[in-house]
Amino acid sequence: MIVGIDKIAFFTSPYYIDMTDLANARGEDPNKYLIGIGQQKQSVIPPTQDVVTLAANAADEILDEADKQAIDMVIFGTESGIDQSKSAAIYVQSLLGIGKSARSFEIKQACYGATAGIQMAFDHVTQHPKSKVLVLAADIARYGLNTPGEVTQGGGAVAMLITAQPDILALDGQSAFYSDDIMDFWRPAYRREALVDGHYSTDVYIDFFNRTWNQYQAQTNRHLDDFKAIAFHLPFTKMGLKALRSVVHDHPSAVGLLEQFEFSRQYNALVGNLYTGSLYLSLLSLLANSDDLKPGDRIGLFSYGSGAQGEFYSGKIIADLQSQKLAEPVNHLLNNRIKLTISEYEKMYQQGLPMNGRDYEFDITKDHNRFVLAGRKANRRL
Ligand code: CAA
């Protein structure tokens, strides 16, 4: 039986900043951000969107009534959750009208959570082929104004439907994983911004990629030339390029894999980091933009969550992949955003529900999305 990704959608804020503007404001050479980091634009998330509304807006694009009745599991991967107890999955299940006979829960392991969700969904659908599982990956990446991590902020959501006989990617069911107790990036419950040891985190990422890739090769006897492309978790797009370069060297497949990598980073360079969703935005970018994907082509996926968990797994392109259909909504969303000045962004960055729990109402007249966070009353989200 074939199990994999049947539908995929992406959602982000209608606001962005340009990385040249940010570089100029921070006294950096724009080429450091554009080339050295590999980012062109960055989504800025308004206070009227949180991970629940981002994910609901993404999933709303792809689910029909039949899906909503068939979904018996909703898995939400996030590291910017809105409650220490209640999962974001339950909110989304309710907002979208998904049937109540479902298991709904949240998974946390930094940027890795949605990958754990996909593996769990794969096992569940393999055992129950009529089931459909909704996997959500949504985050708002915040490092703070005037920090080295600022250029790697961003945010958004990816929603994926995992089914039998999928329309997009058939998962191979083979993966290699590795974890270790590492303090490279973390966010204690009392903070809105992440703490990070940035250069160390890039070293650990590359090390975990090499370990899981080598383990995958040993397990499957597959090698670089068995892959059309490898999609990476992209906290910033240069990161994936560094990891890919660390294994391709002068291998005959290097040129092809490096070419495909350019397609896989197109959307991420315009959005920034969305933590749990970054790998899946990169996959979507590859599927929507590559001019050379054929049925049966194998795609590798490297997932990394600081702290740290790495996983390398793979899947194959399905016969009638419709790239144009995947590209249209993303291009529409990204081409119709509003550019903020750096001072407008700095103001928006400071907004958000007060941390002391008091009632609060946002002006929602400017947010035209279907799902909007209107404020808080009696400790309940509106
Ligand atoms: N033209 C072209 N390139 C230039 C340049 C110029 N004028 N000036 C500098 N560069 C290059 C540098 O050579 C460097 O390239 P290499 O890494 O290839 O050597 C690159 O620009 C970045 O320069 P620095 O290393 O000096 O940048 P920095 O010290 O300001 O910090 C960072 C970069 C560590 C990535 C920082 O942005 C950060 O901490 N980001 C957050 C952490 C992060 O994303 N880590 C990734 C792995 S962890 C993870 O994956 C989980 C997650 O999602 C967070």
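Values in this document were obtained by computation on a predicted structure and should not be read as measured data.

In this section: the pairing of strand β4 (residues 71-77). Among the seven residues of β4, six are classified as buried, and the element is accordingly described as predominantly covered. Here β4 pairs with strand β5 (residues 103-107) via five bridges, running parallel. Directly across from I75, in β5, lies its bridge partner F105. Crossover connection from β4 via helix α5 (residues 88-96) to parallel β5: handedness right-handed.

Take the site of the ligand next. The immediate surroundings of the ligand are formed by 28 residues, with N31, K32, G36, G198 and P235 found nearest. Listed by contribution, the elements that provide at least two residues to the shell around the ligand are α2 (30-37) and α7 (198-220).

What the three strands build is an open sheet, ordered β15-β16-β17; its pairing is antiparallel. Of all the strands in the sheet, the pair left with one neighbour each is β15 (360-361) and β17 (380-381). Relative to strand β16 (residues 375-377), β15 is paired through two bridges, and the arrangement is antiparallel. Residue Y360 lies in a different strand from β16, and its bridge partner there is R376.

What follows deals with the nonpolar core. Judged by nonpolar contacts, the single largest core of 112 residues is most densely connected at A55, V92, L136 and L284. Excluding residues that lie within four positions of it along the chain, A55 makes contacts with F76, A88, V92, L136, A138, A157 and A159.

Moving on: the packing of helix α10 (residues 278-289) against helix α11 (residues 323-335). Interaxial distance between α10 and α11 falls to 7 Å at its minimum, and their mutual angle equals 120°. Overall, the two elements α10 and α11 adopt an arrangement that is oblique. For the pair α10 and α11, the crossing hand works out as left-handed. Only S323, L326, A327 and V330 of α11 make contact with α10, whose side of the interface consists of L284, L287, A288 and N289. Of the residues in the contact of α10 with α11, the class split is six nonpolar, two polar and no charged.

The sites that carry the UniProt feature "domain: Hydroxymethylglutaryl-coenzyme A synthase C-terminal" (unreviewed entry) are, in the present numbering, residues 174-247 and 267-349. The straight-line gap between the two end C-alpha atoms of residues 174-247 is 20 Å; of that span, 46% is helix and 19% is strand.

At a minimum axis separation of 10 Å, α7 and helix α8 (residues 237-248) run at an interaxial angle of 45°. One finds that α7 runs oblique with respect to α8. Between α7 and α8 lies a crossing whose hand is right-handed. Across from T202, Y205, I206, F209, N210 and W213 in α7, the residues of α8 making contact are M239, K242, A243, S246 and V247.

This part covers unusual backbone geometry. In this structure, the amide linkage connecting G307 to the following residue, A308, adopts the cis form with an omega of 5°. Take A308: it is sitting in the loop between β12 (298-305) and β13 (309-317). If you check the backbone angles, H249 has positive phi at about 45° while not being a glycine. For H249, the location among the structural elements is in the loop between α8 and α9 (254-271). Under the C-beta neighbour-count criterion, H249 is labelled exposed, with 8 such atoms within 10 Å.

Relative to the helices and strands, F122 resides in helix α6 (residues 113-127). Once the C-alpha coordinates of F122 and V133 are considered, the two residues, eleven residues apart in sequence, prove to be 8.6 Å apart. With residues up to four places along the chain from it excluded, the contact list for F122 reads V3, I162, L171 and G173.

What follows covers α7. Over its 23 residues, α7 runs 33 Å from end to end, which matches the ideal 33 Å to within 8%, given 1.5 Å per residue. Against β8 (169-179), β9 (185-186), β10 (195-196), α8, β12 and β13 lie the buried residues of α7.

Checked against the element boundaries, L283 lands in helix α10. Considering only alpha carbons, one finds L283 and A231, 52 residues apart in sequence, at a separation of 5.7 Å. Beyond its immediate chain neighbours, meaning those up to four positions away, L283 contacts A231 and L301.

Here we come to α9. Residues lying three or four places apart along an α-helix face the same way, a consequence of the helix completing one turn every 3.6 residues. For α9, spanning 18 residues, the distance from its first C-alpha to its last is 26 Å, which sits close to the expected 26 Å at 1.5 Å a residue. Roughly 40° is the biggest bend found in α9, and it falls at R265. Three or more residues of α9 are buried, namely L257, Q260, F261, F263, S264, R265, Q266, Y267, N268, A269, L270 and V271. Buried residues belonging to α9 abut β3 (41-44), β7 (154-164), β11 (229-232), α8, α10 and α11. At the C-terminal side of α9, G272 shows a positive phi close to 95°.

Definitions and limits used
- Residues numbered from 1 in each chain as written.
- Predicted model: local features only at pLDDT ≥ 70, side-chain atom pairs only at ≥ 80, totals over all residues.
- Buried ≥ 20, exposed ≤ 12 C-beta atoms within 10 Å, placed from the backbone.
- Helix = DSSP H or I, 4+ residues; strand = E, 2+ residues; numbered from the N terminus.
- Pairing = 2+ DSSP bridges.
- Right-handed = clockwise from strand over helix to strand, strands pointing away.
- Near = placed C-beta within 6 Å.
- Core = buried A, V, L, I, M, F, W, Y, C linked by C-beta atoms within 7 Å.
- Contact = placed C-beta atoms within 7 Å.
- Axes fitted to C-alpha atoms, helices over the stretch in contact; angles between N-to-C directions.
- Parallel < 35°, antiparallel > 145°, perpendicular 65-115°, else oblique.
- Left-handed = near helix turned anticlockwise from the far one by under 90°.
- Nonpolar A, V, L, I, M, F, W, Y, C, P; charged D, E, K, R; others polar.
- UniProt positions renumbered as here; feature names shortened; annotations may be inferred.
- Expected span 1.5 Å × (residues − 1).
- Bend = angle between axes of the 7 residues up to and from the residue.

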